[in-house]
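Listed below, chain by chain, are the residues.
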Amino acid sequence: MAAVSYKVVCMAVLCMVAVAPYAEAAINGCGAVQGKMGACLGYLRGGVLTNQCCAGVKGLNSMASNTPDRQQACRCLQSAAKTITGINPASAASLPGKCGVKIPYKISPSTDCSKVT
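Anyway, here's the lowdown on the structure attached to this text. Since this is a predicted model, take the numbers as computed values, not measurements.

**A short note on the pattern of salt bridges**
Then, number 1: Taken as a whole, this structure holds one salt bridge when the rule is applied.
Then, number 2: The salt bridge partner of Lys115 is Asp112, with a shortest N-O separation of 4.0 Å.
Then, number 3: Judged by relative accessible area, which is 66%, Lys115 ranks as exposed.

Printed below as a string of structure tokens:
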């Protein structure tokens, strides 16, 4: 019986090791988020909405395909908003909708990113 359970444990560990790389977040730093959203800075400061901005929004939405990635993207957006002057919060909140993207949380400094799903 001990040999059988040892084999089961070994198989379970092997499966976990094989699957672990695929479970990692696609967004593991804010550089990717900033890269996708860089073209939106003009719009967020009162300029015009560009196709490049919406392409970035759509790309970021595709990257943030699971809860950890959405939480990381939320934290990155909030962090960037704190360091960049002149951003209109209403423009930031409306950006996904204007680009035809639905996200499960409001883009706002008051959003609790740990609760984003």
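**Digging into the state of the cysteines**
Then, number 1: Applying the stated criterion across every chain yields a total of four disulfides.
Then, number 2: Disulfide pairing is shown between Cys54 and Cys99; the S-S distance is 2.1 Å. Negative torsions about the S-S bond denote left-handed disulfides, and the value of about -75° found for Cys54 with Cys99 makes this one left-handed. On the criterion of sequence distance, the pair formed by Cys54 in helix H4 (residues 51-63) and Cys99 in the segment after helix H6 (89-98) is long-range, its members being 45 residues apart. Note on accessibility: Cys54 and Cys99 belong to one class, buried.
Then, number 3: Across the disulfide, Cys74 is cross-linked to Cys113 (sulfur-sulfur distance 2.0 Å). On the sign convention where negative is left-handed, the bridge of Cys74 and Cys113, at about -70° about the S-S bond, is left-handed. With a gap of 39 residues between them, Cys74 in helix H5 (residues 67-83) and Cys113 in the segment after H6 connect regions that are remote in the sequence. Grouping residues by exposure puts Cys74 and Cys113 together as buried.
Then, number 4: Sequence-ordered numbering of the bonded cysteines in the protein chain gives a disulfide pattern of 1-6, 2-3, 4-7, 5-8.

The rules we used
Residues numbered from 1 in each chain as written. Predicted model: local features only at pLDDT ≥ 70, side-chain atom pairs only at ≥ 80, totals over all residues. Heavy atoms only, no water. Salt bridge = Lys/Arg side-chain N within 4 Å of Asp/Glu carboxyl O. Buried < 20%, exposed > 50% of the residue type's maximum accessible area, 1.4 Å probe, protein only. Disulfide = S-S within 2.5 Å. Helix = DSSP H or I, 4+ residues; strand = E, 2+ residues; numbered from the N terminus.

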